[in-house]
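In case you want the letters, here they are:
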Amino acid sequence: MTVAEAFEQLKKDGQAAGVELFPGPKDAALVVTRERVKAVLRHLRDARPFACDLLVLVTGTHMTEKKDAKGVLVREAGFEVIWHLRSVQHRSILAVKCKLPTADPTVDSVADLWPAANWHERETWDLVGIRFTGHPDLRRILLPEGWEGHPLRKDYAYPKEFHGINLEVDAPWPTP
Amino acid sequence: MGLFERSLPDVYLTRLADLAVNWGRSSSIWPMTFGIACCAIEMMAVGAATFDMDRFGAGAFRATPRQADLMIVAGTVNAKMAHVVKRLYDQMPEPKYVMAMGACTVGGGPYWKHGYNVVKGIDRFVPVDVHVPGCPPRPEAIIEGVRFLQRKIMAKRVLADGAPQKPDFTGISISPGTVGILDPTIKVTSTTAGPAAASAAPLAGAKA
């Protein structure tokens, strides 16, 4: 099932509210509003035509504002969360996206729908700083406890030191 | 040497005792079984039959820091890992030595500029005796590092209370490309490529 077919099927099922089709050449996706995203993902998992029983990944991106040569806004600043779903039964893959504002990057957790989402959401929180409401244990997963900031954000400031260890690039060579 | 550490007069007898102790120490450097990243694969190769670090008495990899003399830090150390490495170093009994193996531990390596969580050189939290550059270093380079360390140990004062001696690093390098990193006065005698030149090249360079 292609993404366009999935969009048509969602319309038939009456679940297409708040869903848009992003018809990319290679990266077609369903773009869902923040309020509807969990209901749509639940439908994609449970409804027979989709049967997306496997969550491949959850990830996030942070994008800055982009304008073309004439100064027209091409891309708004903000966050985006991406879910890749796979149906073992139908041998199909589906991408779902959700755009989030810079000021409040919060979205519903799907850790209760797919257990695999638990660690993926923790990683997305750790590196991009997207908060998943309803997550059972939203802690950092890769970086140590007490780390400041989220490294994959565009405005991330590199740490000068961590727990007494100098992390600066141009620190003086230590004298023995 | 505990109680007598560098407290006896610097005479012939104590110097002779130092020589014996240093010979023992430098001939039985037991490294810790401890690999962090890809450099550890080369470290394992050094321990295996082809290169066989046991020829230099440094092949007995110990599974605990309590029995180890040498910590070969083989791999990228990040901020989360640095405390574990520091703790392992603290658990080793004296005398203890550290080899920074590979570009990451020497100075951050490929993560020097944009690795936000990588410690740019383990010098920043443990004292390092030998730096072995490379990404990862060839097994010959690690053996060379061990031999540099052996010369350093031979120059230590154990019982005698004298001025520190300068280690003699001449004639230990086995890979011509890395000669002279520690001692710029060592001159490479032959760097020409090719099997004939390589086999004809003397074991390292002679002191200029």
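For the structure, check the block above.
Just so we're clear, the structure is a prediction, and the values are computed from it rather than from any experiment.

Visitor: Would you explain the packing of helix α2 (residues 39-47) of chain B against helix α5 (residues 139-154) of chain B in this entry?
Guide: All names here are of chain B. Interhelical geometry of α2 versus α5 gives an angle of 75 degrees and a closest axis separation of 9 Å. With respect to α5, the element α2 is oriented roughly perpendicular. When α2 is examined against α5, the residues Glu42, Met43, Ala45 and Val46 are found in contact with a partner set consisting of Pro139, Ile142 and Ile143. Of the residues contributing to the contact of α2 with α5, the split by class is six nonpolar, no polar and one charged.

Visitor: Is there a simple way to think about the interface of chain A and chain B in this case?
Guide: The partner chain B presents 17 residues to the 21 residues of chain A that form the contact. Summed over both sides, the interface of chain A with chain B buries roughly 1600 Å², with 66% coming from carbon and sulfur. The largest per-residue losses of area from chain A upon contact with chain B belong to A:Tyr158, A:Ile165 and A:Val169, which jointly make up 34% of the total buried on that side. A class-by-class count of the residues in the side of chain A that touches chain B yields 17 nonpolar, two polar and two charged.

Visitor: I'm lost on the sheet that holds strand β1 (residues 19-22) of chain A in this one. Help?
Guide: Across a sheet, strands are paired by hydrogen bonds formed along the backbone, either parallel or antiparallel in direction. All names here are of chain A. Pairing within the open sheet is mixed, and its five strands lie in the order β1-β2-β7-β6-β3. Of all strands in the sheet, those bounded by a partner on one side alone are β1 and β3 (54-63). Adjacent strand axes in the sheet meet at a mean angle of 25 degrees, parallel and antiparallel pairs treated alike. Two elements, strand β6 (residues 78-87) and strand β7 (residues 92-100), share nine bridges in a ladder whose sense is antiparallel. The partner of His84 across the bridge, within β7, is Ala95. With respect to the sheet, helix α1 (residues 3-13) is in contact with β1, β2 (29-32) and β7, its orientation differing from that of β1 by roughly 160 degrees.

Visitor: Teacher, can you tell me more about the pattern of salt bridges here?
Guide: If the charged atoms of two oppositely charged side chains come close together, the side chains can form a pair. For the structure shown, the criterion picks out 13 salt bridges over all chains. Ionic pairing is found between A:Glu80 and A:Lys97, a salt bridge with its closest N-O pair at 4.0 Å. Of this pair, A:Glu80 sits in strand β6 while A:Lys97 sits in strand β7, and the two are 17 residues apart along the sequence. In terms of burial, A:Glu80 and A:Lys97 fall into one category: buried. Among the ionic pairs, B:Asp10 bridges to B:Arg157, the shortest N-O distance being 3.2 Å. A residue pair is termed long-range when its members are at least 10 positions apart, and B:Asp10 in the segment before α1 (12-26) and B:Arg157 in the loop between α5 and α6 (195-200) qualify at 147 residues. For B:Asp10, a relative accessible area of 33% puts it in the partly exposed group. Taken together, the salt bridges that share partners define one network made up of A:Glu80, A:Lys97 and A:Lys99.

Visitor: What should I look at first to understand unusual backbone geometry in this one?
Guide: Across the chain, the bulk of peptide bonds are trans and the bulk of non-glycine residues have phi less than zero. Note that the residue after B:Glu94, namely B:Pro95, is joined by a cis bond; omega there is -5 degrees. The omega angle of the peptide bond from B:Cys135 to B:Pro136 is -10 degrees, so this bond is cis rather than trans. One non-glycine residue, A:Ala51, adopts positive backbone phi at about 50 degrees. The residue A:Ala51 is located in the loop between α2 (37-46) and β3 in this model. Under the relative-accessibility criterion, A:Ala51 is labelled buried at 11%. The phi dihedral of A:His163 falls on the positive side, at around 50 degrees, and the residue is not glycine. For A:His163, the location among the structural elements is in the loop between β10 (161-162) and β11 (165-166). Among the residues examined, A:His163 registers a relative accessible area of 55% and is labelled exposed.

Visitor: So what exactly am I meant to see when it comes to helix α3 (residues 79-91) of chain B here?
Guide: Since there are 3.6 residues in each turn of an α-helix, residues three or four apart along the chain are aligned in direction. With 13 residues, α3(B) extends 19 Å between its outermost C-alpha atoms, agreeing within 8% with the 18 Å of an ideal straight helix rising 1.5 Å per residue. Taken together, the buried positions of α3(B) are occupied by B:Ala79, B:Ala82, B:Val85, B:Leu88 and B:Tyr89. Take α3(B) and look down its axis: the buried residues cluster within an arc of 150 degrees, on one side only. Residues of α3(B) that are buried in the fold lie against β10 and β11 of chain A together with β1 (70-74) and β2 (97-101) of chain B.

Visitor: Any chance you could explain the sheet that holds β2(B) here in plain terms?
Guide: Residues and elements named next belong to chain B. Read from one edge to the other, the open sheet built from three strands follows the order β1-β2-β3, with strand pairing classed as parallel. Each end of this open sheet is capped by a strand with a single partner; those strands are β1 and β3 (130-132). Each strand of the sheet is rotated relative to its neighbour by a mean of 20 degrees, with strand direction disregarded. The pairing of β2 with β3 spans three bridges and is classified as parallel.

The rules behind the values
- Residues numbered from 1 in each chain as written.
- Chains lettered and ligands numbered in written order.
- Predicted model: local features only at pLDDT ≥ 70, side-chain atom pairs only at ≥ 80, totals over all residues.
- Heavy atoms only, no water.
- Axes fitted to C-alpha atoms, helices over the stretch in contact; angles between N-to-C directions.
- Helix = DSSP H or I, 4+ residues; strand = E, 2+ residues; numbered from the N terminus.
- Parallel < 35°, antiparallel > 145°, perpendicular 65-115°, else oblique.
- Contact = heavy atoms within 4.5 Å.
- Nonpolar A, V, L, I, M, F, W, Y, C, P; charged D, E, K, R; others polar.
- Buried area = accessible area lost by both parts, 1.4 Å probe.
- Pairing = 2+ DSSP bridges.
- Salt bridge = Lys/Arg side-chain N within 4 Å of Asp/Glu carboxyl O.
- Buried < 20%, exposed > 50% of the residue type's maximum accessible area, 1.4 Å probe, protein only.
- Expected span 1.5 Å × (residues − 1).
- Arc of directions from axis to C-beta.

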